[in-house]
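Topology and contacts: notes
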Amino acid sequence: MLLWVSLLVLAPVTGQSVTEPKPVISLHPPWTTVFQGERVTLTCNAFHFSAKYRWYFEETSYETFSNTLEVQNSGEYRCQAQNSPLSNRVPLLFSPANLILQAPLDVFEEESVVLRCQTRAKTGLNAVMLYKNGKFLKALENISDFTIHQASLKDNGIYHCTGVKEDGHYVSSNSVEIQVQELFPPPVLTASPTNFIEGRAVTLTCLTQPVPQRPNVQLQFQFLRDSWTLESDWRSSPEFQITTIWREDSRSSYWCQARRVTSLVHKKSQRFQMHVQSVTAEIRIYTYPELPLKGQKLVIICSVGGIQEPITFFWYKRTNKLSRRTKIHTSSEREFRIPVLTDSHAGEYCCVARNRHQSFFSDLVTVNVKVPVSPPILTLSPPGARTLEGDVVTLLCEVQRGSLPISYQLFRKGVLLKKIGATSWRTTSFQLFLTEEHSGNYYCTADNGFGPQHSTAMSLSVYVPVSRPVLTLRTPRAQTVEGNMVELHCEAQRGSPPIQYQLFHEDVALESSSSPFGRGATFNLFLKAEHSGNYICQANNGLGVQRSDTVSLSVRVPVSRPVLTLRTPRAQAVEGDMVELHCEAQRGSSPILYQFFHEDVALGSRSSPSGGGAPFNLSLTAEHSGNYSCKADNGLGAQRSEVMTLSVIVPVSRPVLTLKVPGAQAVEGDMVELLCEAQRGSPPILYRFYHENVTLESSVSHSGQGVSFNLSVTAEHSGNYSCEVDNGLGPQCSEAVTLHITGRRPTSDSSRNPSDSDSQEPTYHNVPAWIELQPVYSNVNPKGGDIVYAEVQSIPGKSKHAVASAPGLLKNTMSPTTCLPSHLRPASLWPSAACSLPQDSSVIYSQVKGPSTPASVPQLMAPSAPHR
């Protein structure tokens, strides 16, 4: 069963109770819990004499003349004295348990409280323990009591006991809640009378009283104004009288505190202010001069108006706010004179104008014996120290003389930084947590009411370590190109000048520059290829070196004029060869694009990603002859090589030998023209004519056209004719042409008529199979006869005719390499495609395909005498 210790409710303390106080029930023994069968005596304590008492138990009551009652039943009890209200309820528990926890009815602060874990007689319990709020508190060995000394709010809680029977079973007691009550409530301060008039007395009363359960507790009281006691000792009386109140007392707060005589615990009242009213009158106090200086004459004047005379003036002085006023002079004059003002005259003055009926009080006037401040001196502490950003320095502003209080101000560049109000020191300090902005001229002022005095200006330089510099690259174009002037600018955003800047290329120092005003430094480079790489800069102002981040510089080099070279498999460029055109610029940043040109017509391009040259391959034809050039470009301007001329030498083709005779048949004395022509081949071309493989004539054609040879024929000139061409790339021989010479032509022979010699002149020729592919030649047989000849439709120019006039001069010089007709050449000589004709040969072979002569059988003709 949970029992509640009753709480005391007091009526408000206002000097007298609102209602009759309740009686208080006390217990004997003092416990609210006892064993069944035991008895408890209740006493009804009334605060006045009563002849009758009424007791209440649960729903029943009865009246008696005694204030005591012996009970043995559990329940709530109350009592009532005659004409009094009912007491508080008192719960009692008569427990049948073997273990109970006993506690007093009321527990008050600072009292000792006994809690008893009581075991029923003849009940053996071991290991009795006491718990608070369910937590173990103490083991009660050989004792049953637990004492709480100097009870306080921390002892509030729910308590119970446990024990162990001899058979080992646990036993738990009832629970009791302890609530510590105040011994007396906080006091209330009252004042009488409640209408506060200046010059009158006021009685202060500190109202409180002990609780009814402790009527014999003695209390002490103390009265205070603001933070100061009105008297030094505690008093047993709750009253204190202020004999005279003044208007300035309205600015003060009054309060009181009470304590138990044997205790150090105080309880304070609320503060209150007395609004002191003054009697309506015109009274004013002032000084002349208003701001007196030490050594001057001072007059304090009390000006009154509306007060009936005669008036007596009383002069009071208070040295400081904690002291009481002291009467210093009484006079019928309204002036109080101080001939020579000294420091002892400083203080607060007031005057009281009194007539036969009433006194009138002036306000206070303060007399400060002032000495103007001397000009202050501003110093840096510690002196001579180098001030760095982040340091804390102290600026001391000191005056050598001057009346207190003194106000100080600190200025930088004429701008107020800090202000210290009126102080009682002639030296004050200003602390600064230094930043770069604190550099400048400082001065301080001191003022004690006579105008500020300025110190001499003091210069303070705050040194700032350099920050990490920033290196920037400034170029005239988007890319850094060799030959450009670039600017590397190094700048630290913060740092005290002068700052030394130094530039590094791949950690090699290049140059340095000093910036006397803290700005950055600029380094100019006239770019070369070797300037590519990583750059950093460093800044140093003597407070530590800082390095920038790395800046990479890649110098682009324009291409130089490329060189075009020809790489051939032999000394000359021959049609059909594979040649390589190689274009290369000796300098220039990659990638480089190379273009190849033939007669200013682009052939193609090649890219060189990592520099170096580029090749371009050609399989040569005759059309590839001409002027070649190449161009190199890496985006910084194209460069073109010099022109290179390529002459493609074309091997001569197999020549065609053509014989032209004046008539239908070649006869002695005719002038026969032998024309040898190669359709292809680069000049110069050497032509050789052969008769039966004996060289007749040789001639060089510098234009590449065919060469003709005129021969005045005789019978000996019959036979096989051939020609050979050679331009240094290997000779080519024509097919053999057979010429048959008959007797002399009659003079009347119409075939000798010069007028139609061109149209009727027979032509003997050899035509290789491939010549039919050439459009300038054609095979004709205009008369449908058996004579076959080739007609050259157009021969653009002829070589100078060479005439073999003397057959006797021709020599037979045939050799194994002689150019014989294929059907006459020995088998052992046939594989050879080359032939050489001696130039001194004069034997002439000709083969004429006539109507009765098979084409495959040549006729060997006897030489005839040459024409003259």
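As annotated in an unreviewed UniProt entry, the protein carries the name Fc receptor-like protein 5 isoform X2 and comes from Vicugna pacos.

**A closer look at the layout of surface pockets**
Its boundaries defined by the atoms lining it, the largest pocket holds a volume of some 940 Å³. Those elements that provide at least two residues to the lining of the largest pocket are β21 (228–229), β22 (239–242), β27 (312–318), β28 (326–331), β30 (347–354) and β31 (359–361). Residue classes in the lining of the largest pocket are distributed as 13 nonpolar, 10 polar and 14 charged.

**With respect to the sheet that holds strand β14 (residues 145–148)**
Judged by pairing direction, the sheet is antiparallel, and its 3 strands sit side by side in the order β10-β11-β14 without closing on themselves. Bordering the open sheet on either side are β10 (99–102) and β14, each of which pairs with just one other strand. Shown here is a sheet whose adjacent strand axes are inclined to one another by a mean of 15 degrees, direction ignored. Pairing between strand β11 (residues 113–119) and β14: 4 bridges, direction antiparallel. Across the sheet, Val113 pairs through a bridge with Ile148, a residue of β14.

**As for the state of the cysteines**
Covalently bonding the sulfur atom of one cysteine to the sulfur atom of another cysteine gives a disulfide. Considering all chains together, one arrives at 8 disulfides under this definition. One disulfide bridge connects Cys206 with Cys256, the sulfur atoms lying 2.2 Å from each other. On the sign convention where negative means left-handed, the S-S torsion of about 75 degrees between Cys206 and Cys256 marks this disulfide as right-handed. Pair noted here: Cys206 is in strand β19 (residues 202–207) and Cys256 is in strand β23 (residues 254–260), with a separation of 50 residues, a long-range link. Of the two residues examined, Cys206 and Cys256, each falls in the buried class. Through a disulfide, Cys397 is tied to Cys444; the S-S separation comes to 2.1 Å. As the torsion about the S-S bond is roughly 80 degrees, the Cys397-Cys444 disulfide counts as right-handed. Here the residue Cys397 occupies a position in strand β34 (residues 392–398), and Cys444 occupies one in strand β38 (residues 440–447), the gap between them amounting to 47 residues. Cys350 forms no disulfide, and the closest cysteine sulfur to it belongs to Cys351, at a distance of 6.9 Å.

**Some thoughts on unusual backbone geometry**
Between Leu404 and the following residue, Pro405, the backbone shows a cis peptide bond with an omega angle of -5 degrees. Across the junction of Pro683 and Pro684, the peptide omega takes the value -5 degrees, indicating a cis bond. The residue Pro684 is located in the loop between β58 (671–677) and β59 (685–691) in this model. In the Ramachandran plot, Lys413 falls in the positive-phi region, its phi being about 55 degrees despite a non-glycine side chain. Inspection of the secondary structure puts Lys413 in the loop between β35 (406–412) and β36 (415–423). Within the chain, Asp507 stands out as a residue other than glycine whose phi angle is a positive 65 degrees. You can see Asp507 is positioned in the loop between β43 (499–505) and β44 (508–515). Owing to a relative accessible area of 60%, Asp507 belongs among the exposed residues under this scheme.

**Description of the side chain of Ser331**
One can find Ser331 in strand β28. Polar contacts involving the side chain of Ser331 include one to the main-chain amide nitrogen of Glu333, which spans 2.9 Å. Those residues within four positions of Ser331 in sequence are excluded, and the remaining contacts are Thr312 and Phe313.

**Some details on empty space enclosed by the protein**
Counted under the stated rule, the structure contains 2 cavities of 30 Å³ or more. Each pocket or cavity is described by its volume, and for the largest cavity that value is around 40 Å³. Contributing to the lining of the largest cavity are Glu109, Glu110, Leu183, Phe184, Arg260, Ser263, Val265 and Lys267. Classifying every residue of the lining of the largest cavity gives 3 nonpolar, 1 polar and 4 charged.

**Some thoughts on the environment of Pro339**
Topologically, Pro339 is positioned in the loop between β29 (335–338) and β30. Among the residues examined, Pro339 registers a relative accessible area of 62% and is labelled exposed. Considered as a pair, Pro339 and Gln296 are 43 residues apart in the sequence and their alpha carbons are 7.3 Å apart. Excluding its chain neighbours within four sequence positions, the residues that come into contact with Pro339 are Gln296 and Lys297.

**Section: the nonpolar core**
Of all hydrophobic cores here, the largest spans 23 residues; its most connected members are Leu657, Leu674, Phe689, Tyr721 and Leu739. When contributions to this core are tallied by element, the ones reaching two or more residues are β57 (656–660), β58, β59, β61 (707–712), β62 (719–726) and β64 (737–739). Within the second largest apolar cluster, 22 residues are counted, among which are Leu204, Val211, Ile242 and Val276.

What counts, and where the lines are drawn
Residues numbered from 1 in each chain as written. Predicted model: local features only at pLDDT ≥ 70, side-chain atom pairs only at ≥ 80, totals over all residues. Heavy atoms only, no water. 1 Å grid on protein atoms, 1.4 Å probe; cavity = no way out; pocket = protein on both sides within 12 Å on 5 of 7 lines; lining within 4 Å. Points joined across faces, edges and corners; volume = space filled by probe spheres on them. Helix = DSSP H or I, 4+ residues; strand = E, 2+ residues; numbered from the N terminus. Nonpolar A, V, L, I, M, F, W, Y, C, P; charged D, E, K, R; others polar. Pairing = 2+ DSSP bridges. Axes fitted to C-alpha atoms, helices over the stretch in contact; angles between N-to-C directions. Disulfide = S-S within 2.5 Å. Buried < 20%, exposed > 50% of the residue type's maximum accessible area, 1.4 Å probe, protein only. Polar contact = N/O pair within 3.5 Å; in protein donor to acceptor, adjacent residues only side chain to side chain. Contact = heavy atoms within 4.5 Å. Core = buried A, V, L, I, M, F, W, Y, C linked by side-chain atoms within 4.5 Å.

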